[in-house]
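Overview (structure and organization)
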Amino acid sequence: MNNEEKILEILIQMQAEQVKTNQRLDGLEQGQSKLEQGQAETNRRLESLEAGQAETNCRLESLEHGQAKIEVEHGDKLGALLDGYKLL
């Protein structure tokens, strides 16, 4: 085998390795794309959860306000009842 044939064989091997490398790179790029899509979906779900948490917090504040109002009203009624008993 002369030098030209050896060089040609090396170039053919290099080209075959380049094809394999390109295929691997394509697979990595597809995987990266899937990861990015998954991350985008995760971000959308997180935003939805955050919005739901904000709504839940608002409702909780409303319930706490209502509970405090009821406690004050009951306190007033108990105070009036106690005052009524004192008059007896």
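Structure first, text after, so check above.
Remember, predicted model here, so these are calculated numbers, not experimental data.

Rules used throughout
- Residues numbered from 1 in each chain as written.
- Predicted model: local features only at pLDDT ≥ 70, side-chain atom pairs only at ≥ 80, totals over all residues.
- Heavy atoms only, no water.
- Helix = DSSP H or I, 4+ residues; strand = E, 2+ residues; numbered from the N terminus.
- Buried < 20%, exposed > 50% of the residue type's maximum accessible area, 1.4 Å probe, protein only.
- Areas by Shrake-Rupley, 256 points an atom, 1.4 Å probe, with all protein chains shown as cover.
- Salt bridge = Lys/Arg side-chain N within 4 Å of Asp/Glu carboxyl O.

1. Looking at the overall build of the protein
The number of helices and strands found in the protein is one helix and zero strands. With the C-alpha coordinates of the protein rotated into their principal frame, the extents come out at 125 × 15 × 10 Å. Burial statistics for the protein: of 88 residues in total, 0% are counted as buried. Here the protein displays about 8,300 Å² of accessible surface, and carbon together with sulfur accounts for 57% of that area.

2. What about the pattern of salt bridges?
On inspection of all chains with the given rule, the structure shows four salt bridges. As a salt-bridge pair, Glu41 and Arg44 come within 2.7 Å of each other at their nearest N and O atoms. Of this pair, Glu41 and Arg44 both sit in helix α1 (residues 3-87), three residues apart, roughly one helical turn. A salt bridge links Glu41 to Arg45; the nearest nitrogen and oxygen atoms lie 3.1 Å apart. Taken as a pair, Glu41 and Arg45 lie in helix α1 at a separation of four residues, close to a single helical turn. Linked by salt bridges that have partners in common, Glu41, Arg44 and Arg45 make up one network.

3. Here we look at the environment of Arg59
When you line up the elements, Arg59 lands in helix α1. Arg59 gets classed as exposed once you look at its relative accessible area, which sits at 54%.

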